[in-house]
Amino acid sequence: MAHSAETIIEADDLVKHFSGASLVRSAAVVRAVDGVSLSVRRGETFAIVGEAGCGKSTLARLLVRLIDPTSGRIVYDGADLTGLSNREMHRLRAKVQFVFQDPFSSLNPRMTVGKLVEEPLLIHTKLSRAGRRQRVASLLVRVGLRADYAKRYPHEFSGGQRQRIGIARALASEPDLLIGDEPVSALDVSVQAQIINLVEDLKDEFGLTLIIIAHDLAVIRHMSDRVAVMYLGKIVELAGVDELFERPQHPYTQALLQAIPVPAPGANVEHVPLAGDIPSPVAPPSGCRFHTRCPYAVERCSESEPPLAAESGHLVACHRAAELSLEGVSVGGASNRSPAATRRFELYRKFSRQAGAITD
Amino acid sequence: MQEPSLPETAGAVEPVLQVRGLSVRFAGQPVDTVDGVSFSIAPGRTLCLVGESGCGKSVTSLATMGLLPAKVAKITGGEALFEGRDTLTLSRHEIETVRGNRMAMIFQEPMTSLNPVFKVGAQVAEAVIRHRKVSRLEARERALEMFRKVRIPAPERRLDDYPHQLSGGMRQRVMIAMALANDPKLLIADEPTTALDVTIQAQILELMRELQRETGTAMLLITHDLGVVAEIADDVAVMYGGRIVETGPVERIFNDPQHPYTIGLMSSMPSLDARSGRLATISGSVPPPSEMPAGCRFATRCPFVEERCRVEVPPLEFDGFGHGRACLRAPLEDNFGIKGA
């Protein structure tokens, strides 16, 4: 993958193996990320999707070097992160920030909100005390909180408000790249919508690049430009969001799309769910790692591993991609809403705006 | 056995569970956390209680099962009739003969509901022995039969596994096997698929649907996920702030939503369809009990609110199709000058 000015971060054949050796267990190597290459363009929202144990969170942590890769390279803005000194890495951390899933455990309960948001300013800027205080106030207001919340502690806030605090903290060092590991999945639907809207506004306002790790495909469809689907430590498909949802080429992607319960009665019943469990990343299946659950598997699939190959920007790792015609989300299908429901949704939007409700 | 497809409105069928006016208050709280909740479930039907965190859906189900700790939660009103008896007033001993027997339950996290130091087969057998006069061997046979029924692969071997040796999906299958082992009339499932991956969730939902067709067990399913509701519910009750704000057959709830909360909830979900622009939201968050409005509890967040909403409790009013809503502003189109169909 050639580096271009358009690329903000790229990963080249990243591998992360965890050794499971402990006092009571002998070493078993968990192949959490097993040869992942991708490149993220400046200004886009790039989503990484997959089920538990697919390695998506490990990949996110590798990208910002919260953990070190077993092998492979990460290039951020032209600089190879794997070769950087701690000092250089420190400077770079201001530019790459992380928003975690659980706003309850990712904020230090003994620090006030003001201190939490101020901390990155202390580390990464030379602002005066007054300057920092002013900046904290404006950040809190920007994420939809009140400036005087700075004196309070995290436990005084709801989940949605805590995620806003986490976002304010992430924005404090003026990052270029924001990585969210399931940033909205712990939130209730109505609050989730508020946070999604907020993140999208902030992205435009601050010219951010977003990498979103998620398992909720509807959230991904809504937020992202390109999507990588992971299964057992590998990317199995990578494409533009519409392309991936409407014309998936990997059987696993199709299965994921079909497994989502659609909020319209009778919409989803005829699909046969994928059989079996996700195999353990300690001993991934031979050949294509999905072959044990794939309804289209043939002998070759268990023997040789399909490479992630491109056809007009749509990358897929499947021996049979060319011959299968898989089913995507039928556009208009999920929202074959009744006229009454449609009218009322519109009415709701209209009155929400008029009520001057906080819509972000 | 009852014909499972009988609609609730048929009237001739005796409901398996009938909850009337259930109210629960937690110690030190100024208002009831669950406030006058009523619903009923007919044999073979599935009722989904849906709502967001703190809406009272789990408290409602725990109260029905007699699982609320009496020290902190007080039943302040209502009844829950199950097989002719009010489960809210049964003694501890009496309710224990019902629970896990005629009325069974499964929870969100099977790992915490299974005992980690006993083999899963023995735990299912134990549930059978607890309520039936059977030998250990017969109970184990029943466990094996149930493992087959919930389609656990290599069931004979799995009987002797410990919970940690099973995946999340398999553990939930064990829980379902245990719950159904005594042929209950009612299964209460609290977020049974929330902790599972989406492909595993699809398997479990499919399994629950099939088993219900087979056994005719009535089901009360608690969930926050409208997608799950659409897949599995016959009837829906939407809860907000401890009250049912809208209820009815599933098609009517989705195709003809009446309550502003239901509408807000549905329109704030991102769609799998093409990008729909900015998401609609429900502003603010659920007020704490001390700030609960005296009238409609959704009044603080409702875009259609008017003065009387804040003081008058809206009654749950039904149309002729078993569709009820508790909103002073409904029907919205009539009240807001939009020409309807």
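Residues numbered from 1 in each chain as written. Chains lettered and ligands numbered in written order. Predicted model: local features only at pLDDT ≥ 70, side-chain atom pairs only at ≥ 80, totals over all residues.

Looking at the overall build of chain A
Here comes step 1: Across its full length, chain A carries 11 helices and 12 strands.
Here comes step 2: Rg of the C-alpha trace for chain A: 22 Å, near the compact-globule value of 21 Å for 360 residues, within the 12% margin.
Here comes step 3: Here chain A, with 360 residues, has 47% of them falling under the buried criterion.
Here comes step 4: The long-range fraction of contacts in chain A, counting pairs at least 24 apart against all pairs at least 6 apart in sequence, stands at 65%. (Helix = DSSP H or I, 4+ residues; strand = E, 2+ residues; numbered from the N terminus. Rg over C-alpha atoms; globule rule 2.2 N^0.38 Å. Buried ≥ 20, exposed ≤ 12 C-beta atoms within 10 Å, placed from the backbone. Contact = placed C-beta atoms within 7 Å.)

Details of the overall build of chain B
Here comes step 1: The helix and strand inventory of chain B stands at 13 helices and 12 strands.
Here comes step 2: Its C-alpha atoms give chain B a radius of gyration of 21 Å, near enough to 20 Å, the size a compact globule of 341 residues would have.
Here comes step 3: In terms of principal-axis extent, the alpha carbons of chain B reach across some 70 × 50 × 40 Å.
Here comes step 4: Per-residue burial for chain B yields a buried fraction of 53% across its 341 residues.
Here comes step 5: Intrachain contacts of chain B at a sequence separation of at least 6 include 64% that bridge at least 24 residues.

Here we look at unusual backbone geometry
With glycine set apart, most residues show a phi of negative sign, and most peptide bonds adopt trans.
Here comes step 1: That bond from B:Ala330 to B:Pro331 is cis: its omega, -5 degrees, falls within 30 degrees of zero.
Here comes step 2: Along the chain, B:Pro331 turns up in the loop between strand E12 (324–325) and helix H13 (332–335).
Here comes step 3: Look at A:Asp13: it is not a glycine, yet its phi comes out positive at around 50 degrees.
Here comes step 4: As for its position among the elements, A:Asp13 is in strand E1 (residues 7–19).
Here comes step 5: Residue A:Glu174 is not a glycine yet carries a positive backbone phi of 50 degrees.
Here comes step 6: Tracing the sequence through the fold places A:Glu174 in the loop between helix H5 (159–171) and strand E7 (177–181).

Some details on the interface of chain A and chain B
Here comes step 1: Counting residues at the interface gives 55 residues for chain A and 55 residues for chain B.
Here comes step 2: Within the residue set of the side of chain A that touches chain B, elements represented by two or more residues are helix H6 (189–206), helix H7 (217–223), helix H8 (241–246), helix H9 (251–259) and helix H11 (339–354) of chain A.
Here comes step 3: Tallying contributions element by element places H11(A) first for the side of chain A that touches chain B, with 11 residues.
Here comes step 4: Across the side of chain A that touches chain B, the residue classes break down as 34 nonpolar, 13 polar and eight charged. (Nonpolar A, V, L, I, M, F, W, Y, C, P; charged D, E, K, R; others polar.)

A word on the environment of B:His131
Residues and elements named next belong to chain B.
Here comes step 1: Checked against the element boundaries, His 131 lands in helix H4 (residues 120–131).
Here comes step 2: Separated by 139 residues in sequence, His 131 and Pro 270 have C-alpha atoms that sit 46 Å apart.
Here comes step 3: Beyond its immediate sequence surroundings of up to four residues, His 131 is in contact with Gly 100, Asn 101 and Asn 182.

Brief notes about the sheet that holds strand E7 (residues 186–190) of chain B
Residues and elements named next belong to chain B.
Here comes step 1: With mixed pairing, eight strands are arranged side by side in an open sheet as E6-E7-E8-E3-E9-E10-E12-E11. Unpaired on one side and paired on the other, strand E6 (103–106) and strand E11 (317–318) mark the two borders of the sheet.
Here comes step 2: Sheet analysis places E6 next to E7, joined by four bridges and oriented parallel. Considered in E7, the bridge of Met 105 is made with Ile 188.
Here comes step 3: Across the sheet, helix H7 (residues 168–180) touches E6 and E7, and the angle it forms with E6 is around 175 degrees. (Pairing = 2+ DSSP bridges. Axes fitted to C-alpha atoms, helices over the stretch in contact; angles between N-to-C directions.)

Quick word on the sheet that holds E7(A)
The strands that make up a sheet pair up through hydrogen bonds in the backbone, lying either parallel or antiparallel.
Residues and elements named next belong to chain A.
Here comes step 1: Taken together, the eight strands give an open sheet; going across it, the order is E6-E7-E8-E3-E9-E10-E12-E11, and neighbouring strands pair in mixed fashion. Single-partner strands in this sheet number two, and they are strand E6 (96–99) and strand E11 (309–311). Strand-to-strand twist of the sheet, defined as the mean angle between neighbouring strand axes without regard to direction, takes the value 20 degrees.
Here comes step 2: Relative to strand E8 (residues 209–214), E7 is paired through five bridges, and the arrangement is parallel. Its bridge partner being in E8, Gly 180 is matched across the sheet by Ile 212.
Here comes step 3: Sheet strands in contact with H5 are E6 and E7, and its direction is about 170 degrees off that of E6.

Let's talk about the packing of H4(B) against H7(B)
All names here are of chain B.
Here comes step 1: For the pair H4 and H7, the least separation of the axes is 8 Å and the interaxial angle reads 20 degrees. With respect to H7, the element H4 is oriented roughly parallel. By crossing handedness, the relation of H4 to H7 is classed as right-handed. Contact with H4, carried on its side by Val 120, Gln 123, Val 124 and Ala 127, involves Val 174, Ala 177 and Met 178 of H7 and no other residues of that element. (Parallel < 35°, antiparallel > 145°, perpendicular 65-115°, else oblique. Left-handed = near helix turned anticlockwise from the far one by under 90°.)

A look at the pairing of strand E8 (residues 218–223) of chain B
Here comes step 1: Of all six residues that make up E8(B), six are buried, and the element is covered over most of its length.
Here comes step 2: Residues B:Ala218, B:Leu220 and B:Ile222 of E8(B) are buried on one face, and the alternating residues B:Met219, B:Leu221 and B:Thr223, pointing to the opposite face, are buried as well.

Looking at the pairing of strand E9 (residues 226–231) of chain A
Residue and element names in this part refer to chain A.
Here comes step 1: Burial analysis of E9 places five of its six residues in the buried class, the great majority of the element.
Here comes step 2: Of the strand pairs in this sheet, strand E3 (residues 45–49) and E9 are connected by four bridges, and their pairing is parallel. Looking across to E9, one finds that Phe 46 is bridged to Arg 226.
Here comes step 3: Taken together, the six bridges between E9 and strand E10 (residues 234–240) define a ladder with antiparallel strand orientation. Directly across from Tyr 231, in E10, lies its bridge partner Lys 234.

So, the nonpolar core
Here comes step 1: Residues A:Leu63, A:Ile211, B:Val124 and B:Ala177 are the most contacted members of the largest nonpolar core, which totals 207 residues.
Here comes step 2: Every residue in contact with B:Val124, bar those within four places of it in the chain, is listed here: B:Ala143, B:Met146, B:Val174, B:Ala177, B:Met178 and B:Ala181. (Core = buried A, V, L, I, M, F, W, Y, C linked by C-beta atoms within 7 Å.)

Re the confidence of the model for chain B
Here comes step 1: Taken residue by residue, chain B gives an average pLDDT of 90. The fraction at 70 or more is 94%.
Here comes step 2: Across the interface, the model reports ipTM at 0.86; the global pTM reads 0.89. (pLDDT = per-residue confidence, 0-100.)

Regarding the packing of helix H3 (residues 113–124) of chain A against H5(A)
Residues and elements named next belong to chain A.
Here comes step 1: At a minimum axis distance of 7 Å, the contact between H3 and H5 shows a crossing angle of 30 degrees. As summarised for this structure, H3 and H5 are arranged roughly parallel, according to the angle between their axes. Judged by residue contacts, Val 113, Leu 116, Val 117 and Pro 120 of H3 engage Ile 165, Ala 168 and Arg 169 from H5.
Here comes step 2: Residue classes in the contact of H3 with H5 are distributed as six nonpolar, no polar and one charged.

Remarks on helix H1 (residues 57–64) of chain B
Here comes step 1: Burial analysis of H1(B) places six of its eight residues in the buried class, which makes it a mostly covered element.
Here comes step 2: For H1(B), the complete set of buried residues consists of B:Lys57, B:Val59, B:Thr60, B:Ser61, B:Ala63 and B:Thr64.

A short note on the environment of A:Thr82
All names here are of chain A.
Here comes step 1: Secondary-structure assignment places Thr 82 in the loop between strand E5 (79–80) and helix H2 (86–93).
Here comes step 2: For Thr 82, a count of 16 C-beta atoms within 10 Å corresponds to the partly exposed category.
Here comes step 3: For Thr 82, the contacting residues outside a window of four places in its chain are Pro 69, Arg 73 and Ile 74.

Thoughts on the environment of A:Val199
Here comes step 1: By secondary structure assignment, the location of A:Val199 is in helix H6.
Here comes step 2: By the C-beta count within 10 Å, which is 23 here, A:Val199 ends up buried.

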